[in-house]
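Take a look at the letters that make up each chain.
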Amino acid sequence: MRKRIKPSFIGLLVWLVGAGHLTGCVSGQLGKNNSGEYRNGVVVSAKKEASVVGLDILKKGGNAIDAAVAVQFALAVVYPGAGNIGGGGFMVYRSADGRSNTLDFREQAAAGSSRDMYLDAAGNPVVDKSLYGSLAAGVPGSVAGMVAAHEKYGHLKWEVLLNPAIRLAEDGFKISAAQAHELNELKARFVSLNPRGTALLKAKGDWVEGDVLVQEQLANTLRQIRDKGAAGFYEGAVADSLVAEMQRSGGIITKADLKNYKAVWRTPILGNYKAYKIITMPPPSSGGIALLQLLKSVEPFPLKRWGFNRDSTVQVMVEAERRVYADRAEYMGDPDFVKIPEKSLLAGAYIKSRMHSLDWNKATPSSALRAGDLTAAEHEETTHFSIVDRYGNAVSLTTTLNGSYGAAMVVSGAGFLLNNEMDDFSVKPGAPNMYGLVGGEANSIAPGKRMLSSMTPTIIEKEGKLFMIVGTPGGSTIITSVFQTILNVLEFNQKMQTAVAAKKFHHQWLPDVVYVEDGALDSTTAVQLKKKGYVIEVRGPIGRVDAILKTKWGYYQYGADPRGDDAAAAW
Ligand code: DON
């Protein structure tokens, strides 16, 4: 495939002189300063093995896009809960010379889908129908996305980017304690949905940390993709396996759906927060518009003076979140199907007017639309990675199967998990999805339509230069996690790792609750907010941010979220 962006031989020279290394490795090597910051490039992802794959690509002279492609495929192997070839995602790219672009490789509803396909005869959503099994899956976009990214910006040969993932799949990798736990928890579901078996089921007994997971069928599928590009997945043997799986289990994706899938380059959403330029994802993700609305809503307030997570700070952020998520539910969907009033939603006067109703003495009550339930948090799983190469090209990429291990269904013979992204549609106006998000007509199901997302891969510039690369999984909490991480750095001067690790809170309009991580609010702040009528509930981890920050002195800090197994590899 075609090669562009930059050069390899300087990269090669540097690599010959000094080895790159992992988080926590000794300092003093080329590219690392005494503060543990790096100069030549960083990859931060949900798994150490994938970050190492990305770093090796950078060291071979690959650029950030090459590394992103290799990391995406590696995560499909070593992070099967969310890394994927059977799902989709979004990428924001900024080249070293300041041009930006975004890639939409979101899944798509199959041609045979219909508005009410998850409702019973009485018009109510059938429990789990949009969540498990082949009917929950949208047409996967990840492989087309990686091919498109590589064709436009890649430098190294395509096969070089696939080989590390193939090796990890055929040789196996050691699963973490968290992965052993998840796989054991899902065992019954895997057994019932995968009568022909899957590598994710251990032959005997329970998975334990350090067990080696070998995925031979997945390795074969990756080989097809390596040798035939998009056709290796959307046509031929892999497509046959996917369609056969659909036919066995009541799914609707056809060969034509697969062949017709296209990743789409879209114009980034651009905006400013104070002196910073925000480059983020347009619809069908709601993330970019919502993030900018949030930042603009709080911009006039003296957050820095109030302080990190103090009551006024939290109050103004929560009130902004409530208003923005209400807009999200009403107005957002796939821009190829619905007209999104993007300009109006981002107009300064509109955002200001929304915040006029903020009452410092009491919480604004959310309207009485049917409340969602956020307690499904344990099912969440998406993944984000951030990459910068030694030239300064930057990638922010979020990808998902939606729920943890997606539809819990592995395509027999092809070894990859299907997504359950159809649940991100509004299966019925006002009915909450697995993240408690409600939506209306704009996000109803239609053939070929892409379901609304919250994924918010984002890149920030300061004074025309790269400043931050940020994003996270977390379903509905993605937008608010990115929002808080950005403010932690921009307003509260936190280092990247501190900002990523900081405890978070979240409000999404409905349900009318401020969700907090344990310890996110000190007792004084919590008392103040409760007095004003805020309902505060402690929940599990919010977000899993992997981010990179460029310092004034030209080195990169990274933040690898301690909530997961996340790790950076840098040089
Ligand atoms: O696109 C979306 O907004 C969701 N499918 C993302 C799911 C997610 O983040 C789950 N992760 N933790």
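Rules used in this analysis
Chains are numbered independently. Their residues run from 1 in the order of the written sequence. Reporting of local features is limited, given that this is a predicted model, to residues whose pLDDT is at least 70; pairs of side-chain atoms are given and counted only at 80 or more, and all residues count toward the totals for whole chains, interfaces and linings. Side-chain measures here rest on the full set of heavy atoms in the structure, leaving out hydrogens and waters. Axes, fitted as lines to C-alpha atoms, cover a helix only where it is in contact. Angles between the N-to-C directions of the axes lie from 0 to 180 degrees. Helical segments are the DSSP runs of H or I of at least four residues, strand segments are the runs of E of at least two, and each set is numbered from the N terminus. These descriptions rest on fixed angle ranges, namely under 35 degrees for roughly parallel, over 145 for roughly antiparallel, 65 to 115 for roughly perpendicular, and the rest for oblique. Should any heavy atoms of two residues lie within 4.5 Å, those residues are counted as being in contact. Side-chain classes follow a simple rule in which Ala, Val, Leu, Ile, Met, Phe, Trp, Tyr, Cys and Pro form the nonpolar group, Asp, Glu, Lys and Arg form the charged group, and the remainder, Gly included, forms the polar group. By convention a nonpolar core is built from buried Ala, Val, Leu, Ile, Met, Phe, Trp, Tyr and Cys residues, the set being connected through side-chain atoms within 4.5 Å. Think of it in three bands: residues with accessible area under 20% of the maximum for their type are buried, residues over 50% are exposed, and the middle band is partly exposed, with areas taken using a 1.4 Å probe on protein chains only. At least two DSSP bridges between two strands are needed for those strands to be called paired. Side-chain atoms alone can form a polar contact between residues adjacent in sequence; in general such a contact is a pair of N or O atoms within 3.5 Å, and within protein one must be able to donate a hydrogen while the other accepts it. Whether a residue is near a molecule or strand depends on its heavy atoms: it is near if one of them lies within 4 Å of it. The accessible surface values rely on the Shrake-Rupley method and a 1.4 Å probe; as for residues, cover is taken only from the protein chains in view. Domains are outlined according to an automatic or database domain assignment. Put simply, buried area is the surface a 1.4 Å probe can reach on two separate parts but cannot reach once they are joined, added for both. A pairing counts as a salt bridge when a side-chain nitrogen of Lys or Arg comes within 4 Å of a carboxyl oxygen of Asp or Glu. When the centres of two rings from Phe, Tyr and Trp lie within 6.5 Å, Trp using its six-membered ring, the rings pair. Their planes under 30 degrees apart give stacked, over 60 give edge-to-face, and anything left gives tilted. Two conditions define a charge sitting above a ring: the NZ of Lys or the CZ of Arg must be within 6 Å of the ring centre, and it must be within 35 degrees of the ring normal.

### Quick look at the packing of helix 5 (residues 158–171) against helix 8 (residues 216–228)
Item 1. Viewed as axis vectors pointing N to C, helix 5 and helix 8 meet at an angle of 170°, and their least axial separation amounts to 8 Å. Considering their axes alone, helix 5 and helix 8 lie roughly antiparallel with respect to each other. Of the residues in helix 8, those in contact with Trp158, Glu159, Leu162, Asn163, Ala165, Ile166, Ala169 and Glu170 of helix 5 are Glu216, Ala219, Leu222, Arg223, Ile225 and Arg226.
Item 2. In terms of residue class, the contact of helix 5 with helix 8 is built from 8 nonpolar, 1 polar and 5 charged.

### Let's talk about the nonpolar core
Item 1. Residues Phe73, Ile85, Leu222, Ile387, Phe416 and Met468 are the most contacted members of the largest nonpolar core, which totals 171 residues.
Item 2. If you tally residues by element for this core, the top one is helix 3 (residues 64–78), at 13 residues.
Item 3. Leaving out residues up to four positions away in the same chain, Leu222 has contacts with Phe73, Val77, Ile85, Leu162, Ala165, Ile166 and Ala169.
Item 4. Counting residues in each nonpolar core, the second largest holds 9 residues, with Ala109, Met117, Phe425 and Met451 among its members.

### Thoughts on the sheet that holds strand 16 (residues 536–539)
In sheet architecture, strand pairing relies on hydrogen bonds along the backbone and comes in two forms, parallel and antiparallel.
Item 1. Strand order in the open sheet formed by 3 strands is 14-15-16, with mixed pairing between adjacent strands. At either margin of the open sheet sits one strand with a lone partner, and together these are strand 14 (505–506) and strand 16.
Item 2. Pairing geometry for strand 14 and strand 15 (residues 514–517), over 2 bridges, is antiparallel. Looking across to strand 15, one finds that Phe505 is bridged to Val516.

### Quick notes on the side chain of Arg266
Item 1. Along the polypeptide, Arg266 turns up in strand 7 (residues 264–266).
Item 2. Within the structure, Arg266 has its side chain in polar contact with the side chain of Asp104 (distance 2.8 Å).

### Here's the deal with the site of the ligand
Item 1. Near the ligand, the surroundings consist of 16 residues, among which Thr382, Glu421, Asp424, Ser454 and Gly475 are the closest.
Item 2. One of the side-chain nitrogen or oxygen atoms of Thr382 is found 2.5 Å away from an oxygen atom of the ligand.
Item 3. Between the ligand and Gly475 there is a distance of 2.6 Å, counted from an oxygen atom to a backbone nitrogen or oxygen.
Item 4. Here the ligand, which alone exposes 340 Å², has 97% of that area covered by the protein.
Item 5. The leading source of residues in the shell around the ligand is strand 10 (residues 380–388), at 3 residues.
Item 6. Here the residues of the shell around the ligand sort into 4 nonpolar, 7 polar and 5 charged.
Item 7. Per-domain counts for the shell around the ligand show at least three residues from each of domain 1 (49–261 + 391–443) and domain 2 (266–380 + 455–554).

### Digging into the environment of Arg115
Item 1. Its place among the elements puts Arg115 in the loop between strand 4 (100–105) and helix 4 (142–153).
Item 2. Overall, the relative accessible area of 34% leaves Arg115 in the partly exposed class.
Item 3. Sequence separation of Arg115 and Lys428 is 313 residues, and the distance between their C-alpha atoms is 8.2 Å.
Item 4. Those residues in contact with Arg115 that lie beyond four places of it in its chain are Val427, Pro429, Glu441, Ser444 and Ile445.
Item 5. Separated by 3.1 Å, the side chains of Arg115 and Asp116 make a polar contact.
Item 6. Separated by 2.5 Å, the side chains of Arg115 and Glu441 make a polar contact.

### A short note on the sheet that holds strand 12 (residues 458–462)
Item 1. Taking strand neighbours across the sheet as the criterion, the 6 strands line up as 8-9-12-13-17-18 in an open arrangement whose pairing is antiparallel. The sheet is open, and its two edges are formed by strand 8 (269–273) and strand 18 (556–560), each paired on a single side. Averaged over all adjacent pairs, the angle separating strand axes in this sheet is 20°, with direction ignored.
Item 2. As defined by bridge partners, strand 8 adjoins strand 9 (residues 276–280) across 5 bridges and the pair is classed as antiparallel. For Leu270, the partnering residue across the bridge sits in strand 9 and is Ile279.
Item 3. Each of strand 8, strand 9 and strand 12 touches helix 12 (residues 287–298); the most contacted strand, strand 8, lies at about 15° to it.
Item 4. Here helix 17 (residues 477–490) sits on the sheet and contacts strand 8, strand 9, strand 12, strand 13 (465–470) and strand 17 (546–550); the angle it forms with strand 13, its principal contact strand, is near 135°.

### Details of the side chain of Glu319
Item 1. With respect to the helices, strands and loops of the structure, Glu319 is situated in helix 14 (residues 311–331).
Item 2. Given a relative accessible area of 0%, Glu319 falls into the buried group.
Item 3. There is a polar contact of 2.7 Å between the side chain of Glu319 and the side chain of Arg323.
Item 4. At 2.4 Å, the side chain of Glu319 and the side chain of Tyr534 are in polar contact.

### Here we look at the domain arrangement of the protein chain
How big an interface is tends to be stated in terms of the accessible area lost upon association of its parts.
Item 1. If you check the domain split of the protein chain, you get domain 1 (49–261 + 391–443) and domain 2 (266–380 + 455–554).
Item 2. Averaged C-alpha coordinates put domain 1 and domain 2 at centres separated by 27 Å.
Item 3. Taken together, the 36 residues of domain 1 in the interface contact 45 residues of domain 2.
Item 4. Carbon and sulfur atoms make up 62% of the surface buried where domain 1 meets domain 2, a total of about 3,100 Å² over both sides.
Item 5. Here domain 1 is connected to domain 2 by 2 salt bridges.
Item 6. With its nearest N and O atoms 2.8 Å apart, the salt bridge here joins Arg94 to Glu461.
Item 7. Across the domain 1-domain 2 interface, the total number found is 10 residue pairs in polar contact (both at pLDDT 80 or more).

### Observations regarding the pairing of strand 15
Item 1. Residue alternation in strand 15 divides its side chains into two sets, Val514 and Val516 and Tyr515 and Glu517, and both sets are buried.
Item 2. The pairing of strand 15 with strand 16 spans 4 bridges and is parallel. Across the sheet, residue Val514 finds its bridge partner in strand 16, namely Ile536.

### Observations concerning the packing of aromatic side chains
Item 1. The full count for this structure, using the stated rule, is 13 aromatic pairs.
Item 2. Look at Tyr234 and Tyr261: their rings are 6.0 Å apart centre to centre, the planes differ by 5°, and that puts the pair in the stacked class. Taken together, the positions of Tyr234 in helix 9 (residues 231–234) and Tyr261 in the loop between helix 11 (255–260) and strand 7 put the pair 27 residues apart, joining distant regions of the chain. Both residues of the pair, Tyr234 and Tyr261, count as buried.
Item 3. Every member of this aromatic cluster is reached through a ring pair, and the members are Phe233, Tyr234, Tyr261 and Phe416.
Item 4. One cation-aromatic arrangement involves Arg189 over Tyr132; the distance from NZ or CZ to the ring centre is 3.6 Å.

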